[in-house]
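Observations on the model geometry
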Amino acid sequence: LEMSMQHLNKDKVEILIKSIAQTVKEQRQNLCKSQRLLADEFAIQKSLLSRLENANNEPKIGSLWMVAEALGISVSEFFKMVEEKLPEDFKLLD
């Protein structure tokens, strides 16, 4: 199920990761919480939140699920928010 970036268009993966980063940051800020506060409240590593928000790596699905829960949204809502940030007709596969 997990595809590595080398199998996909790297530019498209970067767009996706940036959309995820933007969504995590916006939702955290909507809660008026710092990365540290959210991390401490849910026993999540602050470095994980930082890496997600800065689009520093390709996130694992488990990490995204955990962060969505910490943000008080379902994983399906989270991915819908991510999708809405992507360019129209965005596809990873050509």
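The paragraphs below set out a description of the structure included in this document. No experiment lies behind these values; they were computed from the predicted model shown.

On to the overall build of the protein, then. Helix and strand content of the protein: five helices and zero strands. N-terminal to C-terminal, the α/β element order of the protein is α-α-α-α-α. Taken over the C-alpha trace, the protein has a radius of gyration of 13 Å; the compact-globule value for 94 residues is 12 Å, and the two agree within 12%. The principal-axis extents of the C-alpha atoms in the protein amount to approximately 40 × 25 × 20 Å. Put simply, the protein has 94 residues, and 35% of those count as buried. Considering only contacts in the protein between residues 6 or more positions apart, those separated by 24 or more positions represent 64%.

Note that Lys-33 resides in the loop between α1 (10-30) and α2 (35-42). A distance of 2.8 Å separates polar atoms of two side chains, one belonging to Lys-33 and the other to Glu-41. Setting aside residues no more than four positions away along its own chain, Lys-33 makes contact with Arg-28, Leu-38 and Glu-41.

How each quantity is defined
- For every chain, the first residue of the written sequence is number 1, and numbering continues from 1 along that sequence.
- With pLDDT at 70 or above as the cut-off, local features in this predicted model cover only qualifying residues; side-chain atom pairs require 80 or more to be listed or tallied, and sums for whole chains, interfaces and linings still use all residues.
- Think of the side-chain values as coming from all heavy atoms in the structure, minus any hydrogens and water.
- A run of H or I in DSSP becomes a helix once it reaches four residues, and a run of E becomes a strand once it reaches two; helices and strands are each numbered from the N terminus.
- Within these notes, the globule rule equals 2.2 Å times the number of residues to the 0.38 power, and the radius of gyration is based on C-alpha atoms.
- Type-normalised accessible area, obtained with a 1.4 Å probe on protein chains alone, sets the label of each residue: buried when under 20%, exposed when over 50%, and partly exposed for intermediate values.
- Between two residues, a contact is recorded if the distance between any of their heavy atoms is within 4.5 Å.
- Here a polar contact means two N or O atoms within 3.5 Å. Within protein one must be a hydrogen donor candidate and the other an acceptor candidate, and residues neighboring in sequence count only if both atoms are side-chain atoms.

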